[in-house]
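# Observations on chain architecture
Read off the chains here:
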Amino acid sequence: MNVLKTLMILCLATASMFGQQAQAPAEKSPAVTAEHRKNALQLAEISGRKRFEASLPDVVRQGKEQMLKVAPDFDPAFAEEWAKRMTARIKADDFLAVAAGVYAKYLTNDEILELIRVQQAGQKSPAATVSPELQKKIAEISPKLMGEIVGGCTELGAKLGSQVGDEIAVEHPEWTQKPVAPAK
């Protein structure tokens, strides 16, 4: 099996890990300050790290299962090694940075600070709420926000998955080829 086909299979498997096709990552707005980015990262950290880290085993398992489906000629050892290396290399910080970039793109620094305050207060008192204005804005931008976060994470995951797959294919080319049946 050639490297291009291997790469395509890996991209499909990795993209399936994150649930959607890759989209362009969020662009940084020129009006976003360093403080705005720092606060957006803090919001991503508060709202997403535990959830992301808890989902990693399932995400990698789903990617491995998808790989086995789309590449039935691959030795299952390839998928096992891919899952092991992906688990070792996926860094929550990289994915949180994607979310932070999208937050900074769609939310002002003051809105991000409000969400941080509410999240922190909510940990102590579940009665903490977001202002009606911000609730309305979030309802309006939520599809774009989530689409760009998932798209950016998909792109990041696909890139990592492809790198890992390429390494394994070079180290173990026999795992990517259909076994030849013995001649009769």
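Shown above is the structure to which this text applies.
First, a word on what this report is: a plain description of the structure on this page. Quantities reported herein were computed from a predicted structural model and do not represent experimental measurements. (Residues numbered from 1 in each chain as written. Predicted model: local features only at pLDDT ≥ 70, side-chain atom pairs only at ≥ 80, totals over all residues. Heavy atoms only, no water.)

### Comments concerning the pattern of salt bridges
Throughout the structure, instances matching the rule amount to 13 salt bridges. Residues Arg 85 and Glu 81 are paired through a salt bridge, measuring 2.6 Å at the closest nitrogen-oxygen approach. Of the two residues, Arg 85 and Glu 81 are both situated in helix 3 (residues 76-89); the distance of four residues between them amounts to about one turn of the helix. The same class applies to Arg 85 and to Glu 81, which are both buried. The salt bridge partner of Glu 148 is Lys 105, with a shortest N-O separation of 3.1 Å. Of this pair, Glu 148 sits in helix 6 (residues 132-171) while Lys 105 sits in helix 4 (residues 92-106), placing them 43 residues apart in sequence. Judged by its relative accessible area of 13%, Glu 148 is buried. The exposure class of Lys 105 is partly exposed, given its relative accessible area of 35%. What emerges from the salt-bridge pattern is a single network uniting Glu 81, Lys 84, Arg 85, Arg 89, Glu 167 and Glu 171. (Salt bridge = Lys/Arg side-chain N within 4 Å of Asp/Glu carboxyl O. Helix = DSSP H or I, 4+ residues; strand = E, 2+ residues; numbered from the N terminus. Buried < 20%, exposed > 50% of the residue type's maximum accessible area, 1.4 Å probe, protein only.)

### Observations concerning the packing of helix 3 against helix 6
The N-to-C vectors of helix 3 and helix 6 enclose an angle of 130 degrees; their axes lie 10 Å apart at closest approach. Between helix 3 and helix 6, the angle is such that the two are oblique. As for the relative orientation of helix 3 and helix 6, their crossing is right-handed in sense. Two secondary-structure elements touch here, helix 3 through Phe 78, Glu 81, Trp 82, Arg 85, Met 86 and Arg 89 and helix 6 through Gly 157, Leu 160, Gly 161, Val 164, Gly 165, Glu 167, Ile 168, Ala 169 and Glu 171. Residue classes in the contact of helix 3 with helix 6 are distributed as seven nonpolar, three polar and five charged. (Axes fitted to C-alpha atoms, helices over the stretch in contact; angles between N-to-C directions. Parallel < 35°, antiparallel > 145°, perpendicular 65-115°, else oblique. Left-handed = near helix turned anticlockwise from the far one by under 90°. Contact = heavy atoms within 4.5 Å. Nonpolar A, V, L, I, M, F, W, Y, C, P; charged D, E, K, R; others polar.)

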